[in-house]
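Structure assessment
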Amino acid sequence: MARKIVHSDDAPKAIGPYSQAVQVDAGKMTFLSGQIPLDPKTMNIVEGDVIDQAEQVMKNLSAVLKAAGLDFSHVVRSTIFLTDLGDFTKVNEVYGRYFTGAPPARVTVQVAALPRGSNVEIDAIAVS
């Protein structure tokens, strides 16, 4: 996959593990539905704080990527939904550990509520 990170000094620098833009050649695109912190074995929200929840969300995304024959290096765009933007730094730290190379383009928004009382949900688009 040809994946080019786009950066402009005339736009604000990324303030976290994301790129201003990611450019890809047309290829197979995989759209991952938003994942909440459900334990796939129990189908219950994992216990703990937003860090524990973010970790489970990233594990769930990883499992879906793997099922598609992909990994986090293929992700070109993601959206993080938080019920409290005050959790941004904590979730950002967990999220950043999963992107060892150039991170994808990203949006983070605060929402009124998420399914099953979750504090965080993340979706992604991957290209191979």
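Per an unreviewed UniProt entry, the recorded name for the protein chain is RidA family protein, and the organism is Archangium minus. Comment text from UniProt for the protein chain, heading Sequence similarities (unreviewed entry), reads "Belongs to the RutC family."

**As for the nonpolar core**
For soluble globular proteins, the rule of thumb is that nonpolar side chains tend to be buried together. In terms of nonpolar packing, the biggest core is built from 21 residues, with Met58, Phe72 and Ile122 touching the most fellow members. Looking at this core, the elements that each hand over two or more residues are α1 (50-67), β4 (75-82), α2 (88-97) and β6 (120-127). No other element matches the 6 residues that α1 contributes to this core.

**Details of the pattern of salt bridges**
Counting across every chain of the model gives 1 salt bridge. Note that Arg97 is salt-bridged to Glu55, the shortest N-O span being 2.7 Å. In this pair, Arg97 is assigned in helix α2 and Glu55 in helix α1, connecting sequence segments 42 residues apart. Judged by its relative accessible area of 52%, Arg97 falls in the exposed class.

**Notes on the environment of Ile80**
On the secondary structure map, Ile80 appears in strand β4. A sequence separation of 19 residues divides Ile80 from Leu61, and the C-alpha atoms of the two residues are 12 Å apart. For Ile80, the contacting residues outside a window of four places in its chain are Val91, Tyr95, Arg106, Val107, Thr108, Val109, Val120, Glu121 and Ile122.

What counts, and at which threshold
- Residues numbered from 1 in each chain as written.
- Predicted model: local features only at pLDDT ≥ 70, side-chain atom pairs only at ≥ 80, totals over all residues.
- Heavy atoms only, no water.
- UniProt positions renumbered as here; feature names shortened; annotations may be inferred.
- Core = buried A, V, L, I, M, F, W, Y, C linked by side-chain atoms within 4.5 Å.
- Buried < 20%, exposed > 50% of the residue type's maximum accessible area, 1.4 Å probe, protein only.
- Helix = DSSP H or I, 4+ residues; strand = E, 2+ residues; numbered from the N terminus.
- Salt bridge = Lys/Arg side-chain N within 4 Å of Asp/Glu carboxyl O.
- Contact = heavy atoms within 4.5 Å.

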